[in-house]
Number of protein chains: 2
Amino acid sequence: MREEDLDALVVSDPANMNYLAGYEGWSFYVHQAVVVTTNHDEPVWVGRDQDANGARATTWLDEESIHAYSDDHVHSPYDLHPMDYLGEVLEDLDVKDGHIGVEMDAYYFTAKAYTRLQKNLPEATFEDATLLVNWLRIKKSERELEYMREAARISEEAMVAALDTIEAGVPEYEAAAAIYDALIHGADGFGGDYPAIVPLMPSGDHTGTPHLTWTDRKFEEGDPIIIELSGCRHRYHSPLARTTFVGDPPKAVQETADIVVEGLEAALDTVEPGVTCEEVEKAWRNVIQQYDIEKEDRIAYAMGLGYPPDWGEHTASMRPGDETILEENMTFHMIPGLWFDDFGVEMSETFRVTTNGAEVLAEFPRELFTAR
Amino acid sequence: MREEDLDALVVSDPANMNYLAGYEGWSFYVHQAVVVTTNHDEPVWVGRDQDANGARATTWLDEESIHAYSDDHVHSPYDLHPMDYLGEVLEDLDVKDGHIGVEMDAYYFTAKAYTRLQKNLPEATFEDATLLVNWLRIKKSERELEYMREAARISEEAMVAALDTIEAGVPEYEAAAAIYDALIHGADGFGGDYPAIVPLMPSGDHTGTPHLTWTDRKFEEGDPIIIELSGCRHRYHSPLARTTFVGDPPKAVQETADIVVEGLEAALDTVEPGVTCEEVEKAWRNVIQQYDIEKEDRIAYAMGLGYPPDWGEHTASMRPGDETILEENMTFHMIPGLWFDDFGVEMSETFRVTTNGAEVLAEFPRELFTAR
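To start, this report covers the structure provided alongside it. The model shown is predicted, which means the values in this text are computed figures rather than measured ones.

On to unusual backbone geometry, then. Pro308(A) connects to Pro309(A) through a cis peptide bond whose omega is 15°. Secondary-structure assignment places Pro309(A) in the loop between β9 (300-307) and β10 (310-318). A positive phi is found at His314(A), a non-glycine position, where the angle reads about 65°. The class of His314(A) is buried, set by a relative accessible area of 18%. For Asp79(B), which is not glycine, the phi dihedral falls at a positive 55°. Within the element layout of this structure, Asp79(B) appears in the loop between β4 (66-69) and α3 (82-92).

Below you can see the structure in the form of structure tokens.
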């Protein structure tokens, strides 16, 4: 904040609110924020009155740092907006004529929130601080890594449940139900949180539509199915993707899977501190080029803590032009895939950058699976 | 749009995108929109390239109405933003100097999206059209009601699963896993979608923190537990809340539950076309006042179609000052509750306004439940 000459930072991204203050709860459907100022010792939580007890239960903040607006601010017919209340809090914090950072492109910081805040604080100067906290999150502490490893245990269980359930004649939703049961039931005696992204299972013709969710359709002989899911522990994720095939996979599908595994492993092998993100992507691209395949999508992104709609941190990505230098304890989800007109294959790993390589968090065979 | 003198409407709320164009998918973690113009016959879908196939699969739009931006716009290190592409689409639609409605306070329409769009279209005039589509959604068609009734069947199954699982010594996450299994497994041979809000189960001391989710804590003798959940079918919801108690409930808890049921039923009894939202709330408040209880939170809100983080429509609410007049086929979730220092009781129903009353969608006993 000092480098950016900010007097205050209004944090709206629920993951950043959790990171800074510990705040946890499904309350991000109303406006809320954690405000950090350079002239106060601790941040301030601002939210709806019925969520103040949640702030008391989950944050480390003192009672005088918890500020709640009344319920008539919520979807209000009275021309009241939560940003009216937040404006007053910023005045009380003595920054109404200061430089105030806001997360301009963060989920849940709406256009209206911004224009209303500007109107309420005409003397303030607003600066775009969208990824200021996110960039701090990229390197994980030991505690964070512990949660991600626990999430990886859950991901393994959920992937087993998916592979065990899928077969010809089973409706897609039954596989989704088995995955959810495993995700929430957890592993090794601890439970799982809801993941920031629902399990995705594009299948059959739809492996080329990566963000469709399950339907009542029954799996059929000849279906390729991509399963992407993540266990979640204390809001930390460890996503995992694998591909399965109902019946005997055609040669083209098996060969594509082999290329994806080879490319994924080549990319993982290049990971170590000092290497750039684009160099890692290059290792993948070199492999697929040997098979005359060209593809320029990003293959990995920084991630960890997250709330719907995303577990990604929106900072470093492994793709051409991203010169972020890897450092120990950065964490990424690497998810390369190859899609053709009639099928696609994806396989992914979540990993931590170690002192000299990559620690892959989940232990799960890297192969094309088959179902009856 | 004509009444508001709009040449174009940029719809960012995923529920509104679905309502207007049928678009479905977990892709709202990147910027996307459906654009309606007064000078073209059909809307236009704008999204990420890898989601264009999803638009082809789920919308009724012609190929020339599907416009996708390249992946380098996503969390871009290249100073590219999806709103650069959307600006070009609006130019092509011949509205660059028009009156353009934007959903200023909709989820996922960020401050950055707005300022970037303003910058890209300096000749346009932007108007706040936040709830324009939402107000259309409040009255449901027969098809929509069919989906909501199916969602109600799922809600019943999930509530049974919750009540069957909860007992002293069982971890909260096991109840959540049982609920999820039922929510996705569906009812009567059809599957369930992921709900827009996760199951909420504040328990014990935490019944006063309504938006905390489950933990590893084990239910204990003496715990009150509020269960709020919703089945989801084709993105339509029918939420249901009940309260259970582990062990024999103290007199105060049972009496509170009786008051909540009495108030809920009094409010439901006043529902019919022509009555205002605030009159319905008044019926609830009259009941609790007889027991010397005062509470001014809203007790119901319009709802139906939804994506995370909310199934509410953000239009009419049943609370003092809301003079919305009820009409046939409007749907609401009525969720009154009473919270005290050490426990809370909530009970809810989702209902449709009929020609002369209310059709409650779920059939579930209205009582305080008990668990061993």
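Turning our attention to the pattern of salt bridges. Side chains carrying opposite charge are able to pair once their charged atoms draw close together. Residue and element names in this part refer to chain A. Scanning the entire structure with this criterion turns up 44 salt bridges over all chains. When the shortest N-O distance is used, the salt bridge between aspartate 79 and arginine 116 registers 3.3 Å. Taken together, the residues span a long stretch of sequence, with aspartate 79 in the loop between β4 (66-69) and α3 (82-92) and arginine 116 in helix α4 (residues 111-120) at a distance of 37 residues. Classification of arginine 116 by relative accessible area gives buried; the value is 10%.

Residues and elements named next belong to chain A. Read from one edge of the open sheet, six strands run β4-β3-β2-β1-β5-β6, paired in mixed fashion. Edge positions in the open sheet fall to β4 and β6 (125-128), since each of these has one partner strand only. Going across the sheet, the axis of each strand differs from the next one's by a mean of 25°, ignoring polarity. On top of the sheet, helix α1 (residues 14-21) reaches β1 (8-11), β2 (33-37) and β3 (44-48); it is set at about 50° to β2, its chief contact. Strands β1, β2, β3, β4 and β5 (99-102) of the sheet are contacted by α3, whose axis makes an angle of about 150° with β4.

Under the fitted operation, chain B is carried onto chain A by 0.0 Å of movement along the axis and a turn of 180°, and the coordinates agree to an RMSD of 0.0 Å. Seen this way, the second copy is the image of the first under a two-fold rotation axis. In this assembly, 100% of the residues forming the interface of chain B have copies in chain A that are likewise at the interface, indicating an isologous arrangement.

What follows concerns the side chain of Thr324(B). All names here are of chain B. Structurally, threonine 324 is set in the loop between β10 (310-318) and β11 (331-334). In terms of polar contacts, threonine 324 uses its side chain to reach the side chain of aspartate 322, at 2.5 Å. Threonine 324 has contacts with Trp135, Val275, Thr276, Cys277, Ala316 and Met330, leaving out every residue within four places of it along the chain.

Residues and elements named next belong to chain B. Packing of helix α6 (residues 142-165) against helix α7 (residues 172-185) brings their axes to within 8 Å, and their N-to-C directions diverge by 155°. The pairing of α6 with α7 is recorded here as roughly antiparallel in orientation. In this structure, the crossing between α6 and α7 has a hand that is right-handed. Of the residues in α7, those touching α6 at Ile154, Glu157, Ala158, Ala161, Ala162 and Thr165 are Glu174, Ala175, Ala178, Ile179, Ala182 and Leu183. For the contact of α6 with α7, a count of residues per class yields nine nonpolar, one polar and two charged.

For the rest of this paragraph, the subject is the interface of chain B and chain A. You'll often see interface size given as the accessible area lost when the parts meet. With 72 residues of chain B at the interface, the matching set in chain A holds 72 residues. Across the chain B to chain A interface the summed buried area is about 5900 Å²; carbon plus sulfur atoms make up 56%. One can count four salt bridges joining chain B with chain A. In this structure, Lys112(A) engages Asp128(B) in a salt bridge whose closest nitrogen and oxygen atoms are separated by 3.6 Å. Seen at the junction of chain B and chain A, the total is 43 residue pairs in polar contact (both at pLDDT 80 or more).

All names here are of chain B. Pairing within the open sheet is mixed, and its six strands lie in the order β4-β3-β2-β1-β5-β6. The outermost strands of the open sheet, each flanked by one partner alone, are β4 and β6 (125-128). Put simply, the sheet's adjacent strands are angled 25° from each other on average, direction ignored. Relative to strand β5 (residues 99-102), strand β1 (residues 8-11) runs parallel, the two sharing three bridges. Bridging from a neighbouring strand, leucine 9 pairs with glycine 101 of β5.

Reading the values: the criteria
Residues numbered from 1 in each chain as written. Chains lettered and ligands numbered in written order. Predicted model: local features only at pLDDT ≥ 70, side-chain atom pairs only at ≥ 80, totals over all residues. Heavy atoms only, no water. Helix = DSSP H or I, 4+ residues; strand = E, 2+ residues; numbered from the N terminus. Buried < 20%, exposed > 50% of the residue type's maximum accessible area, 1.4 Å probe, protein only. Salt bridge = Lys/Arg side-chain N within 4 Å of Asp/Glu carboxyl O. Pairing = 2+ DSSP bridges. Axes fitted to C-alpha atoms, helices over the stretch in contact; angles between N-to-C directions. Contact = heavy atoms within 4.5 Å. Least-squares fit on C-alpha atoms with pLDDT ≥ 70 in both. Polar contact = N/O pair within 3.5 Å; in protein donor to acceptor, adjacent residues only side chain to side chain. Parallel < 35°, antiparallel > 145°, perpendicular 65-115°, else oblique. Left-handed = near helix turned anticlockwise from the far one by under 90°. Nonpolar A, V, L, I, M, F, W, Y, C, P; charged D, E, K, R; others polar. Buried area = accessible area lost by both parts, 1.4 Å probe.

Interpretation note: all reported values are geometric properties and have no functional meaning in isolation.
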